[in-house]
Amino acid sequence: MEWLTAPLEVAFVQRALWAGILVSAICALAGTWVVLRGMAFLGDAMSHGLLPGVAVAALLGGNLLVGAVVSAVVMTAGVTALGRTPRLSQDTGIGLLFVGMLSLGVIIVSRSQSFAVDLTGFLFGDVLAVRESDLVLLGVALLLALAVSGLGHRAFLALAFDERKARTLGLRPRLAHAVLLGLLALAIVASFHIVGTLLVLGLLIAPPAAALPWARGVRGVMVLAAVLGAAATFGGLLLSWHLSTAAGATVSALAVSLFFLSHLVSSGVRHRRHARRAALPVRAATVTAHAPTTRPNET
């Protein structure tokens, strides 16, 4: 069992594991709504839209997290504003913001003569470089995500399944959508340092999508998604340690693999259930055909 316990004896691996568990919980809260509402493209656009703020913060020697928060606020406000434009589809607005923010980030980076901004860490993350202060921030982010999810659960639920009914019930769907975008931005900002913006969707979408066939209710999806995300983090760190691969990419790849495995198994279970149901009428007809016939007593 040394191959299993040896990596966990190293301090930075322990911090990486705790960071991955916290991020998995945050992503489970936001990612469940992303999956239910089909907002994967929005999540991808918002994750890449962090680049201008991160680039400016790096060039000025500031905190990258603060720059990411600023960009996330701009993206959230932009998506909310464009979503109210009647002649412009939401996908078009998101796509334009995505390209615009990404282009602005690349322009800012290109203006630096020394190209001092390390895009590798931004794109792919560095989970093994997590510090204790990062764990504190992730803990605060998780508490905030729990509060938002708890207070907005009813509105988010109505918005996900019937926006008109949400409006009828007085739940203010536009405000609920804006708050949901804020929750998504929180998850992305909290996660980009761990797995990077290119891989954040692995933890944001894959665990909730993998949990969907097995859980009952939205809260069940969230809990199971958090467990699957934590399992992907542990397994990914373990594989990364022994195979000398990139830790963030290995975690994301394992999370996606769990999604495919979950749906493969669930498809097999559904197929067997349908086969059993289809066989029931045949068995009943066979039993009836071979049943002994009774004759009335002759008097």
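The structure under discussion appears in the preceding block.
Residues numbered from 1 in each chain as written. Predicted model: local features only at pLDDT ≥ 70, side-chain atom pairs only at ≥ 80, totals over all residues. Heavy atoms only, no water.

K.L.:
I'm lost on the packing of aromatic side chains in this one. Help?
P.N.:
Each aromatic ring pair is specified by the distance between its two centres and by the angle formed by the two planes. Enumeration over the complete set of coordinates arrives at three aromatic pairs. The interplanar angle of 80° and the centroid separation of 6.4 Å between the aromatic rings of Phe 41 and Phe 98 together place this pair among those described as edge-to-face. Note that Phe 41 is positioned in helix H3 (residues 40-48) and Phe 98 in helix H6 (residues 90-110), a separation of 57 residues in sequence. The exposure class assigned to Phe 41 is partly exposed, which follows from its relative accessible area of 37%. (Phe/Tyr/Trp six-rings, centres within 6.5 Å; stacked < 30°, edge-to-face > 60°. Helix = DSSP H or I, 4+ residues; strand = E, 2+ residues; numbered from the N terminus. Buried < 20%, exposed > 50% of the residue type's maximum accessible area, 1.4 Å probe, protein only.)

K.L.:
Sorry if this is basic, but what is going on with a positive patch on the surface here?
P.N.:
Together, Arg 272, Arg 273, Arg 276 and Arg 277 make up a positively charged patch on the protein surface. Here Arg 273 lies in helix H13 (residues 247-289). (Patch = residues over 30% accessible without salt bridge, like charges linked within 9 Å, V, L, I, M, F, W, Y side chains within 5 Å. Areas by Shrake-Rupley, 256 points an atom, 1.4 Å probe, with all protein chains shown as cover. Salt bridge = Lys/Arg side-chain N within 4 Å of Asp/Glu carboxyl O. Lys, Arg positive; Asp, Glu negative; His and termini not counted. Charge placed at Lys NZ, Arg CZ, Asp CG, Glu CD.)

K.L.:
Is there a simple way to think about the packing of H3 against helix H11 (residues 200-211) in this case?
P.N.:
A packed helix pair is summarised by two numbers, namely the angle formed by the two axes and the spacing between the axes. Taken N-terminus to C-terminus, the directions of H3 and H11 make an angle of 160°; their axes are 10 Å apart at the nearest point. In terms of their interaxial angle, H3 and H11 are classed as roughly antiparallel. For the pair H3 and H11, the crossing hand works out as right-handed. On H11, the residues that touch Ala 40, Gly 43, Asp 44 and Ser 47 of H3 are Val 200, Leu 201 and Ile 205. Residue classes in the contact of H3 with H11 are distributed as four nonpolar, two polar and one charged. (Axes fitted to C-alpha atoms, helices over the stretch in contact; angles between N-to-C directions. Parallel < 35°, antiparallel > 145°, perpendicular 65-115°, else oblique. Left-handed = near helix turned anticlockwise from the far one by under 90°. Contact = heavy atoms within 4.5 Å. Nonpolar A, V, L, I, M, F, W, Y, C, P; charged D, E, K, R; others polar.)

K.L.:
Mind showing me how you'd approach the side chain of Thr 250 here?
P.N.:
With respect to the helices, strands and loops of the structure, Thr 250 is situated in helix H13. Among the polar contacts made by the side chain of Thr 250, one reaches the side chain of Thr 245 at a distance of 2.8 Å. When near neighbours in sequence (up to four residues on either side) are disregarded, Thr 250 contacts Gly 236, Leu 239, Ser 240 and Thr 245. (Polar contact = N/O pair within 3.5 Å; in protein donor to acceptor, adjacent residues only side chain to side chain.)

K.L.:
I'm lost on helix H4 (residues 51-59) in this one. Help?
P.N.:
Since one α-helical turn is 3.6 residues long, residues separated by three or four positions face the same way. The complete set of buried residues in H4 reads Leu 51, Pro 52, Gly 53, Val 54, Ala 55 and Ala 57. Gly 61 lies just past H4 and shows a positive phi near 75°.

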